[in-house]
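# Examining the three-dimensional arrangement
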Amino acid sequence: MTSVQELIRDAADRESREARTPAHRRPIALRSTGASSCDAGLAEDPWVIDRQAGYGPGSSAADVIPGDAPTQGPLPTRYTDADEETLHDWIVAAKAELGERVRILGHFYQRDEIVRYADFVGDSFMLAQAATRHPEAETFVFCGVHFMAETADILSGPTQSVVLPNLAAGCSMADMATIDQVEGCWRELCAVLGDGPDADGRQPVIPVTYMNSSAAIKAFCGRNGGIVCTSSNARTVLDWAFARGRRVVFFPDQHLGRNTAKAMGVAESDMPLWRPHLLNGGNTVEQLRDAKVILWNGFCSVHKRFTVEQIERARAEYPGVRVIVHPECPAPVVEAADGAGSTEYIRKQIEAASPGDVIAVGTEINLVNRLQGEHPELTVFCLDPVVCPCSTMYRIHPAYLAWTLESLVAGAVPNRIAVASTVATDARVALERMLAARP
Ligand code: SF4
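Residues numbered from 1 in each chain as written. Predicted model: local features only at pLDDT ≥ 70, side-chain atom pairs only at ≥ 80, totals over all residues.

Keep this limit in mind: UniProt positions are given in the numbering used here, feature names are shortened, and annotations may be inferred rather than shown by experiment.
If you look the protein chain up in an unreviewed UniProt entry, it shows as Quinolinate synthase from Leucobacter soli. One UniProt comment on the protein chain, placed under Function (unreviewed entry), says "Catalyzes the condensation of iminoaspartate with dihydroxyacetone phosphate to form quinolinate." Under Pathway (unreviewed entry), UniProt gives the following word-for-word description of the protein chain: "Cofactor biosynthesis; NAD(+) biosynthesis; quinolinate from iminoaspartate: step 1/1."

The following block contains the structure:
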C-alpha cells in the first residue's frame, strides 16, 4: 500500500519536474487547467517515453502491453529539438505543399496542438467514413490510435494509404483481446455450445466486436457470422445479433457490452465474464449455456477512472448539474449519470445545452477541455479532478506530425498501416453488416 509519505514525495517530485519542464514541452491539458496530473511522466517528451516499455504515462500506464506491440523508431533531432512555433511553421508549410493529396484526421481525444491541423475531427468511425468520402486524397494521416488507422485503411480505396504518425500509439483496450485468444475462446465456446443452428435456425453464439479492436478480430467476426459495433449503435447491433443467435460473445470492452445489454433488460447474472487465460473463460458449462451475453474481460483505462463518488461530489458542489458519461464507464457510473453515449452524443448534448447550464462529463480530458473552450456560456468540467489523458492518443505529438508531413512532401510514406487483403475482406463483411443493421 502507498504510504502518506510516498504520496507527498511523489507530489513534490511531480511539482519540481513540471516546474523544470519548459512551458512548450508541458502537456497541454495541464497548461490549460493548472490541475495536477495522474503521472509525472506526462511532462516528458514522447520520444523519451517511446524508448520505454509499456503504454507510457496517462490512464493506461498500469496496463500490460503485449510483447509484439508496434514500437516507434527514433525521430531525427531536427524534430525533437524544435520548439512549438517552429514545428507549427513546418506543419503549416508541408500541409500547404501537399494540398488535397493529404488529409489529416484527428480523433476527439487528441491534444489541441494536433486537432488544430486536422481537416476532419471525429470519433473513430466518423473518421474512417471521412476517409471513404475523399477519393481525391492519396494519403490519410490518422492522428488517433492503431486500430482506427486499420479501419480507415480497410474502408479507404485500394490506392490510398493511411499513416499513423507514431507507431507506438496503440490502444490498451484493443490490445486486451488478441486474435489467438479470441480464436481459442471460440473453439471452447463451440465445444460447449455447439457450432450449428438450433431447430429455430438461430446460431448458438454470435461474435460482436466493438470498433476498438484489431482488424484481425473484425475479420474473425466477419468470417463467423458476426458484426462490429460502435458506442452509438451497440443496441441496434445487439438486436441484430439476437435475431440470429441465442447468445452473444462481446469483444473486447466488458463495460460497453454490459451497459448496452442491461439497458435491453438482460440480467447481470446472464452476462458471465470471459477471462482469456482460464479454461472456458473461468466459467462453468452451465454458466455458458445459461448466458445471454458473454463479456470479454477488457476495459478502457481512461473510462475506468470514473466513479459514483465523483458524480455524488459533482451533484453536491453544483446542484442541478447534468452528468453525462461514455458507455465505456463501469455500469454503476452509467446508472448514476443522467445520460450515457458516444463522444458524438456527448458533443451534441453540450451543443444543445442552454447558457448557464453546468455539465459534468465522464470521458477523456482533451475532449472535455475543448468542449469547455468552445462553449464559454456553459460550465463544462471533467468528473475526474485529476488530469489523466489517454496514454496512447498522447503519443501523437506535433513533432511526429511535422516529421510525417515533411516525409510525405519528400515522397516517402512513413509508418504506413496496411491491413492484409484477406483480413480486410472479412473485416469489411462485419463492418458492412453493421452499416446495414437497422433498429
Ligand atoms: S480512450 Fe480508451 S479505448 Fe480510446 S484509445 Fe484510449 S485506451 Fe483505447
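Right, picking up where we left off after that structure.
## Re the sheet that holds strand β4 (residues 161–163)
The following threshold applies: Any two strands with at least two DSSP bridges between them are considered paired. Numbered from the N terminus, helices here are DSSP runs of H or I no shorter than four residues, and strands are runs of E no shorter than two. To obtain an axis, a line is fitted to C-alpha atoms, over the contacting stretch when the element is a helix, and the angle between two such axes runs from 0 to 180 degrees between their N-to-C directions. Whether two residues are in contact depends on their C-beta atoms, placed from the backbone: they are in contact if these lie within 7 Å.
On the basis of which strands lie adjacent, the open sheet formed by 4 strands has the order β2-β1-β3-β4 and parallel pairing. Each having just a single partner strand, β2 (120–122) and β4 make up the two edges of the open sheet. Strand-to-strand twist of the sheet, defined as the mean angle between neighbouring strand axes without regard to direction, takes the value 25 degrees. Sitting on the sheet, helix α19 (residues 398–409) is in contact with β1 (102–107), β3 (139–143) and β4, with an inclination near 175 degrees to β3.

## Focus: the site of the ligand
To keep things clear, this is the line we draw: Residue proximity rests on one test: whether the C-beta atom, placed from the backbone, lies within 6 Å of the molecule or strand. Residues are grouped as follows: Ala, Val, Leu, Ile, Met, Phe, Trp, Tyr, Cys and Pro are nonpolar; Asp, Glu, Lys and Arg are charged; all remaining types, including Gly, are polar.
Residues in contact with the ligand amount to 14 residues; listed here are only the nearest, Cys171, Met173, Cys300, Val302 and Cys390. A class-by-class count of the residues in the shell around the ligand yields 8 nonpolar, 5 polar and 1 charged.

## With respect to the nonpolar core
The cut-off we apply is this: Buried Ala, Val, Leu, Ile, Met, Phe, Trp, Tyr and Cys residues form a nonpolar core when they are connected through C-beta atoms within 7 Å. As a rule, residues whose C-beta atom has 12 or fewer other C-beta atoms within 10 Å are exposed, those with 20 or more are buried, and those in between are partly exposed; C-beta atoms are placed from the backbone.
Ranked by internal contacts, the top residues of the largest apolar core, which has 126 residues, are Leu105, Phe142, Ala152, Val208 and Ile227. The dominant element in this core, judged by the number of residues it contributes, is α19, at 7 residues. Residues in contact with Ile227, not counting those within four places in the same chain, are Val208, Cys221, Val237, Trp240, Ala241, Ala430, Arg433, Met434 and Ala437.

## Structural notes on helix α11 (residues 215–223)
Buried residues dominate α11, accounting for 7 of its 9 residues. All of the buried residues in α11 are Ala215, Ile217, Lys218, Ala219, Phe220, Cys221 and Gly222. Of the surrounding secondary structure, the elements contacted by the buried residues of α11 are α8 (146–155), α10 (179–193), β5 (206–210), β6 (227–229), β7 (248–251) and α20 (421–436). Just downstream of α11 lies Gly225, where phi reads positive at about 75 degrees.

## Considering the pairing of strand β9 (residues 293–296)
Operational definition: Think of it like this: strands point away, you trace from the first strand over the helix to the second, and a clockwise trace means the crossover is right-handed.
The alternating pattern of β9 places Val293 and Leu295 and Ile294 and Trp296 on opposite faces, both of which are buried. Examined bridge by bridge, β7 and β9 share 3 bridges and lie parallel to one another. Bridge pairing in β9 places Val249 opposite Ile294. With 2 bridges joining them, strand β8 (residues 273–274) and β9 adopt parallel strand pairing. Bridge pairing in β9 places Leu273 opposite Leu295. This β-α-β element, β8 to helix α14 (residues 285–290) to β9, shows right-handed connectivity.

## A few points about the UniProt feature "binding site: iminosuccinate" (unreviewed entry) in the protein chain
Sequence positions flagged by UniProt for "binding site: iminosuccinate" (unreviewed entry) are, in local numbering, His107, Ser124, Tyr210, Met211, Asn212, Ser231, His326, Pro327, Glu328 and Thr343. Looking at the secondary structure, you find Tyr210 in strand β5. Not counting the four nearest positions on each side in its chain, Tyr210 is found in contact with Cys229, Phe251, Pro252, Asp253 and Leu256. The residues touching Met211, leaving out its near neighbours within four places in the chain, are Ser124, Phe125, Thr151, Val228, Cys229 and Thr230.

## Describing the pairing of β5
Summarising burial for β5: 5 of the 5 residues are buried, a large majority. Residue alternation in β5 divides its side chains into two sets, Ile206, Val208 and Tyr210 and Pro207 and Thr209, and both sets are buried. Note that β5 and β7 share 4 bridges and pair parallel. Opposite Pro207, over in β7, you have Val249 as the bridge partner. Here 3 bridges tie β5 to β6, and the two strands are oriented parallel to one another. Counterpart to Thr209 in the pairing with β6 is Val228. Chirality of the crossover, the property in question, places the unit of β5, α11 and β6 among those that are right-handed.

## Quick word on the UniProt feature "binding site: [4Fe-4S] cluster" (unreviewed entry) in the protein chain
UniProt records the feature "binding site: [4Fe-4S] cluster" (unreviewed entry) at Cys171, Cys300 and Cys390, using the numbering of this structure. In sequence the annotated residues extend across 220 residues, while in space they remain close, none of their C-alpha pairs exceeding 9.2 Å. By the secondary structure assignment, Cys300 is in the loop between β9 and α15 (308–317). The exposure class assigned to Cys300 is buried, which follows from the 27 C-beta atoms found within 10 Å. Ignoring sequence-local partners within four residues, the contact set of Cys300 consists of Met173, Asp253 and Glu328. The residue Cys390 is located in the loop between β13 (379–382) and α19 in this model.

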